[in-house]
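Summary of the model geometry
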Amino acid sequence: MTHYCKIDHVDKVFTRGSTSTCVLKEITLDIEKGEYVSIIGHSGCGKSTLLNIVAGLTRATIGGIILEGHEVNEPGPDRAVVFQNHSLLPWLTVYDNVRLAVDKVFGRSKSRAERDAWTLHNLNLVQMTHAKDKRPSEISGGMKQRVGLARALAMEPKILLLDEPFGALDALTRAHLQDTVMGLHQKLGNTVMMITHDVDEAVLLSDRIIMMTNGPAARIGEILSVPIARPRKRLELVTDPTFLKCRQRVLEFLYERHRFVEAA
Amino acid sequence: MNMPAAKPDISASIPSSPTSPPAAKIVTMPRKQTAMNARVSATLGKIAAAVLPPLVMTALLLTAWQLLCMRSGATLPPPSKIWTEARDLIVNPFFVAGPQDIGLGWRVLISLQRVAIGYGFAALFGIALGTLIGQSVWAMRGLDPIFQVLRTISPLAWLPISLAAFRDSQPSAIFVIFITSVWPIIINTAVGIRNIPQDYRNVAAVLRLNHFEFFWKIMIPSAAPYIFTGLRIGIGLSWLAIVAAEMLTGGVGIGFFIWDAWNSSRLPDIFVALAYIGIVGFVLDRIVAGVASIVTRGTSAN
């Protein structure tokens, strides 16, 4: 049985001088095509490290990542990342930020006009066409994150990696952007791996929630499937018994069994 | 005489219907005029606020200078004497009265030409070397202390070495400009390259930008504010250095003019030359700062 994306026995040890810290221990996870997987855990448990390993930005000490039957060990546009702090290039306009990615990924396969259309199409997906000529400093945090999302989608990644994409946003903007992401996932059928520390967000968006134990040597503590039919409606879910049960399970895991230990 | 009388009426009618288009249409002409007048007077006010204080201060300083140097036995000439004795230099910067008797404007241009060559080389070489050094931790560790020592050496201390090497005053002066202004450009560029945020490197990695693309699309724009800081310090230093270098190497530049005036006891001429040097240095600085603000717009803000 081959899986779409396989995180295979990944260990990560950071070594500084003579001291080495084991951050991740024996992480094994299979992600199916089109699946939305969230990874949740307290801060410092190595969630972001795991995402960076999948992205290829960090090397696993032991183990590896297999995506569509091929091992990946360097970064590439097939694993597009939406960074927590948007990481748009401030000297480029919104359009040029997305276009840079489009040109790089489709420089050979699409004509100039097609790349222009594809850039605009992706800006349109996140409703940012109106600000295409603005610079990142001229748009709000939520808008920046939308552009970051458009840039990632424009690469047509095999797996979309979201690194706490809504973490720096206020509650209303966050909800709005979550709906956008949910709609896009429904529409485009992307495979998504999202890092989050927000329980409601994880339950609302995910097919499966991966709960990490506390570090050092964090491992997967529990995997919870969220059997709620899509499309999901935020307001209806508030009273949905399945939603509440899932939410409770995650909360119990995080705050009873693996309570965050205030270290250093 | 009409306008002042009409003004209060118009300005009184504006607030009552500030945004309604029909009213604006009916009184198009007067409204436009008031708007124009208001804009003009606002601009004039702004200019006055920027220009008047320095003018007042200059006048005060000149008066103090005049009072201090007017009494008999004063070693330095007062402004009035400078005006009477060096009027041709002040009034006409571009006269040509002989091979060695030309206006200060020409002399400044000759000095600027030397600066342009020396500083141009320094900018190219400094940015290139700074980019290389910034990318390598070991190059930075090895070279940074050396640069920090070399950059403190006075421009004039380089002159004998450069004269010995080039055996001619013109390239020597240019070399002094180069060697004076290159250090801040190298160091600032290297720091700028070192400080490229990891986020941008990650973006480049995910996009698989090659070295060339990374250089043009990430490295240069990201380091641009640092590079321009170096360029701005560099232009200031090279203008400082040219005057000193020309005093020693001779020729036609503004620096040699000062030395020549000193030797022939024309003190008022020196004061005029100092004013020229100061103003040109200020303009050079503003030009580089202006280019910087155009090129790096949006880069510093995140």
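Placed above this text is the structure.
This write-up is about the structure you can find in this document.

Each value, and the rule that gives it
Residues numbered from 1 in each chain as written. Chains lettered and ligands numbered in written order. Predicted model: local features only at pLDDT ≥ 70, side-chain atom pairs only at ≥ 80, totals over all residues. Heavy atoms only, no water. Helix = DSSP H or I, 4+ residues; strand = E, 2+ residues; numbered from the N terminus. Rg over C-alpha atoms; globule rule 2.2 N^0.38 Å. Buried < 20%, exposed > 50% of the residue type's maximum accessible area, 1.4 Å probe, protein only. Contact = heavy atoms within 4.5 Å. Areas by Shrake-Rupley, 256 points an atom, 1.4 Å probe, with all protein chains shown as cover. Lys, Arg positive; Asp, Glu negative; His and termini not counted. Charge placed at Lys NZ, Arg CZ, Asp CG, Glu CD. Pairing = 2+ DSSP bridges. Buried area = accessible area lost by both parts, 1.4 Å probe. Salt bridge = Lys/Arg side-chain N within 4 Å of Asp/Glu carboxyl O. Polar contact = N/O pair within 3.5 Å; in protein donor to acceptor, adjacent residues only side chain to side chain. Nonpolar A, V, L, I, M, F, W, Y, C, P; charged D, E, K, R; others polar. Axes fitted to C-alpha atoms, helices over the stretch in contact; angles between N-to-C directions. Parallel < 35°, antiparallel > 145°, perpendicular 65-115°, else oblique. Left-handed = near helix turned anticlockwise from the far one by under 90°. Patch = residues over 30% accessible without salt bridge, like charges linked within 9 Å, V, L, I, M, F, W, Y side chains within 5 Å.

Thoughts on the overall build of chain A
Per the secondary structure count, chain A includes eight helices and ten strands. Taken over C-alpha atoms, the radius of gyration comes to 19 Å for chain A, in line with the 18 Å a tight globule of 264 residues would show. Expressed as a percentage of its 264 residues, the buried residues of chain A come to 52%. A separation of at least 24 residues holds for 69% of the contacts in chain A among residues at least 6 apart in sequence. Counting only carbon and sulfur atoms, one obtains 51% of the accessible surface of chain A, whose full area is about 12100 Å². Here chain A contributes 34 positively and 31 negatively charged side chains, and the mean placements of these two sets differ by 3 Å.

Section: the overall build of chain B
The secondary structure content of chain B amounts to 13 helices and two strands. Taking all 302 residues of chain B together, 36% fall into the buried category. In the structure as shown, chain B presents an accessible area of about 17300 Å², 70% of it carried by carbon and sulfur atoms.

Overview of the pairing of strand S2 (residues 19-31) of chain A
Residues and elements named next belong to chain A. As judged from the nine bridges shared by strand S1 (residues 5-16) and S2, these two strands associate in the antiparallel manner. Bridge pairing in S2 places Cys 5 opposite Ile 31. The antiparallel pairing of S1 with S2 creates a hairpin that spans two residues between the two strands, and Gly 17 there sits at a positive phi of about 65°.

Here we look at the interface of chain B and chain A
Taken together, the contact between chain B and chain A spans 20 residues of the former and 24 residues of the latter. Here chain B and chain A share an interface that buries about 2000 Å² over both sides, 66% of which is from carbon and sulfur atoms. Viewed at the interface, chain A and chain B are joined by two salt bridges. A salt bridge links Glu 213 of chain B to Lys 104 of chain A; the shortest N-O distance between them is 2.8 Å. Seen at the junction of chain B and chain A, the total is four residue pairs in polar contact (both at pLDDT 80 or more). Among the elements that take part in the side of chain B that touches chain A, helix H10 (residues 198-207) of chain B stands out by supplying seven residues, more than any other. Across the side of chain B that touches chain A, the residue classes tally to nine nonpolar, six polar and five charged.

Some details on helix H1 (residues 47-55) of chain A
Buried residues dominate H1 of chain A, accounting for seven of its nine residues. After H1 of chain A finishes, the residue Gly 56 of chain A shows a positive phi value of roughly 90°.

Here's the deal with the sheet that holds S2 of chain A
Residues and elements named next belong to chain A. Reading across from one edge, S2-S1-S4-S5 is the order of the four strands in this open sheet, with antiparallel pairing throughout. What marks the edges here is a single partner per strand, and that holds for S2 and strand S5 (70-72). Here the strands of the sheet are splayed against their neighbours by 35° on average, with no regard to which way each runs. Its contacts with the sheet put H1 on S1, S2, strand S4 (62-67) and S5, and the angle it makes with S1 is roughly 115°.

Looking at the sheet that holds strand S6 (residues 81-82) of chain A
Residue and element names in this part refer to chain A. Pairing is mixed in the open sheet, where six strands are placed in the order S6-S7-S8-S3-S9-S10. What marks the edges here is a single partner per strand, and that holds for S6 and strand S10 (220-225). Here S6 runs beside strand S7 (residues 160-163); their pairing, made up of two bridges, is parallel. Bridge pairing links Val 82 to Leu 162 in S7. Along the sheet, H1 makes contact with strand S3 (36-40), S6, S7 and strand S8 (192-196), crossing S8 at roughly 155°.

Brief notes about the packing of helix H8 (residues 155-166) of chain B against helix H11 (residues 211-249) of chain B
Residue and element names in this part refer to chain B. Running from N to C, H8 and H11 cross one another at 45°; their axes reach a closest spacing of 9 Å. By the angle between their axes, H8 is oblique relative to H11. The two elements H8 and H11 cross, and the hand of that crossing is right-handed. Along the contact surface, H8 presents Pro 155, Leu 156 and Leu 159, while H11 presents Ala 241, Ala 244, Ala 245, Leu 248 and Thr 249. Split into classes, the residues belonging to the contact of H8 with H11 amount to seven nonpolar, one polar and no charged.

Some remarks on a nonpolar patch on the surface
There is a patch of nonpolar side chains on the surface, built from Ile 279, Phe 282, Val 283, Ile 287, Val 291, Ile 294 and Val 295 of chain B and spanning about 660 Å² of accessible area. Mapped onto the elements, Val 283 of chain B comes out in helix H13 (residues 267-295).

Quick word on the pattern of salt bridges
Applying the stated criterion to the full structure yields 19 salt bridges over all chains. For Glu 74 of chain A, the salt bridge goes to Arg 208 of chain B, with nearest N and O atoms at 3.9 Å. Of this pair, Glu 74 of chain A sits in the loop between S5 and S6 while Arg 208 of chain B sits in the loop between H10 and H11, each in a different chain. Using a relative accessible area of 45% as the deciding quantity, one classes Glu 74 of chain A as partly exposed. Two residues, Arg 79 of chain A and Asp 78 of chain A, come together in a salt bridge whose shortest N-O distance is 3.3 Å. Three or more residues joined by partner-sharing salt bridges are found here, namely Arg 99, Asp 103 and Arg 115 of chain A.

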